[in-house]
Structures are given as structure tokens and as C-alpha cells.
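# Commentary on secondary and tertiary structure
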Amino acid sequence: MNTITGHTGLTALLGSPVSHSISPLMHNEAFRRLGLDYVYLCFEVTEDTLPEAVAGLKACGIRGFNLTMPNKNKIVELLDELSPAAQMIGAVNTVVNDNGRLIGYNTDGIGYMQAARDAGHDLGGKVITVMGAGGAATAICAQAALDGVKKIHIFARPTSRFWDRTQKLADTINSTTSCEAILHDNDDTAALCAAAGESYLLLNATSVGMAPNVDASIIRDTSIFRPDLVVSDVIYNPQETLLLRQAKEAGCRTFNGMYMLLYQGAEAFRLWTGQDMPVALIKEKFFSQK
């Protein structure tokens, strides 16, 4: 257990819900292993209470913090500066307090692409389908495009407050990378069937299926699953969502968001401390999926 001193630096996670998060375990263990005088805590913070929470933490001199649902987009309005990737995506999951100046980054896309490689999937040159238009979805789409994915089908609700922002991201991907990005209506079943049919990977980047609502799945027509389709979920609680169970029953290879959490956390750790998280040790201790 880390010893709290008068010099201990604070890092944190702001979101709702956060009680299930394993981020405190991995960050506090990494601090302990490296002998760093920091602590990582979780705070239940919604979009409504986010401005007050950020102002309070900034006043208290927090070193940095992570954002999870539903705060990754709202936080952008409260920051002094955005990294180029965060600016392009319009979402932030990591904030660094640089002497009172709050700088936003997005490490979700980096985390997901490394998790895919860990699962044995090189997405370079492939077609993928992404369900969702929130912070995680857009971060993954942007990083996938930068990492050489050939085409991305993005499915979202036209009524979503993020629709216009996601269309703008698709336009940016199309104009600045070699990847083709296409935004579709979530209810366009024909388009989803066609997209899944040409895709190497289908990803749920929404909160549908996350505890406690474990009986929900983003995919209503399971006939789109085929044995050579890889199906992934950013959710890691539960470790196997209904979506992943449905896909596995159809013969698909699957993987969840647990290692995405590990690798996005490792990048946040580096931004806060300037040191590399001991990833192999943290992975062995907290992320075994055997």
C-alpha cells in the first residue's frame, strides 16, 4: 500500500459510474513499484458536476486526471489547451495540470490499437465497423486512420448531439489521411449488414451492455456475425458482454476493452510522471484474462 505524505501528488478518475474501475489498482501499483509519491483516486462526477469538480481539483493542485463516461466531451470546454489529437477528436480522456494550465490529451485510440495488436490483430489495410460516436469511438477512429486502416464505417444516431462532430471527424479523416471514413445512421440495417460484410472487425464503442445493464447488445440482428469477423467491445465490465457472447456463438474471434484500459492508462501515466509504467508487471497482476 502506498504511504500518503504531505508531498503526495494527486491523480484521479472522474466519471459516472466509476466504482467498477480498476484504474486505481494499476496506477497505485505502478506508483509503488517506481517509488513515486502519487496516489490515484476515483470520484463520481457527472457532466452537471464536472465544472465544479475540475475547478476544485485545479485549486487543490491536482497533477492530472482521467475522464471516463460521460465526461470525455464536456471536459473540452473546461481546458486551456488541447493536444493535436484531442483537438481533432473533440474528446479528452487525460488531463495534465501544468502549473495551473490544464492540457487535454486523448490516449484511448493508442490504447485500443495496442490492445488489438495484443489480441493478434493488425488492422493496417483492413476495413472496420465502429458502433458509436462518443469519446472512445472517435478516439479509436482517429487513431485507426492514422495507423493505416483502409476504411471505417461509423454508426451513430442522427439525433445524437455528437452526430455533427462525428461527421466533421469523418471529413477530416478523409481529407488528411489515406483512410476512408463513412458515417451511417444507426438504424440503417442494410448499411450495417453491408458494412459488417466487408469488415475485418466490428467494434462496440458505446456503453450498451456495460454493467449493470448486462442484458443489452448494440447488435439486434446477429445474422451479421460470421466466423471470419472479429468482434470487439470497449467494455470490460463484464469481461464478456452479451455482444461478445453472441459473436462467439457465431464462431467469431472476440476481445474486450481490458487491455485498451491498460495501454491508455500507461500513456496517461507517462504524461503525468515522465516515466514509463511497468506494463508487464501491471498486466500480469491485474489484467489476466485466463
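Notes on the structure in this doc start here. Every value quoted in this text rests on a predicted model; they were computed, and no experiment measured them.

To continue, consider the pairing of strand β9 (residues 180-185). Pairing between strand β8 (residues 151-156) and β9: six bridges, direction parallel. Looking across to β9, one finds that H153 is bridged to I182. Each parallel crossover has a hand, and for β8 linked through helix α6 (residues 163-176) to β9 it is right-handed.

On inspection of all chains with the given rule, the structure shows zero disulfides. Sulfur of C193: no disulfide; nearest cysteine sulfur belongs to C252 and is 13 Å away. For C193, a relative accessible area of 43% corresponds to the partly exposed category.

Taken as a whole and judged by the stated rule, the model has 14 salt bridges. Via salt bridges that share partners, E29, R32, R33 and K285 belong to a single interconnected network.

Taking strand neighbours across the sheet as the criterion, the six strands line up as β9-β8-β7-β10-β11-β12 in an open arrangement whose pairing is parallel. With one partner strand each, in any of the chains shown, β9 and β12 (253-255) form the two edges of the open sheet. With direction set aside, neighbouring strand axes in the sheet form an average angle of 20°. Summarising the sheet, strand β11 (residues 230-233) and β12 pair through three bridges and their orientation is parallel. Note on β12: the bridge partner recorded for S232 is F255. Packed on one face of the sheet, α6 meets β8 and β9 and runs near 160° to β9.

With 62 residues, the main nonpolar core has Y112, I152, L201 and F287 as its most contacted residues. Sort the elements by how many residues they give to this core and helix α9 (residues 258-273) lands first, with eleven residues. Discounting residues that sit within four places of it in the chain, F287 has contacts with I22, M26, M258, Y259, L261, L262 and I282. Within the second largest apolar cluster, 17 residues are counted, among which are L202, I219, V231 and C252.

Rules and cut-offs
- Residues numbered from 1 in each chain as written.
- Predicted model: local features only at pLDDT ≥ 70, side-chain atom pairs only at ≥ 80, totals over all residues.
- Heavy atoms only, no water.
- Pairing = 2+ DSSP bridges.
- Helix = DSSP H or I, 4+ residues; strand = E, 2+ residues; numbered from the N terminus.
- Right-handed = clockwise from strand over helix to strand, strands pointing away.
- Disulfide = S-S within 2.5 Å.
- Buried < 20%, exposed > 50% of the residue type's maximum accessible area, 1.4 Å probe, protein only.
- Salt bridge = Lys/Arg side-chain N within 4 Å of Asp/Glu carboxyl O.
- Axes fitted to C-alpha atoms, helices over the stretch in contact; angles between N-to-C directions.
- Contact = heavy atoms within 4.5 Å.
- Core = buried A, V, L, I, M, F, W, Y, C linked by side-chain atoms within 4.5 Å.

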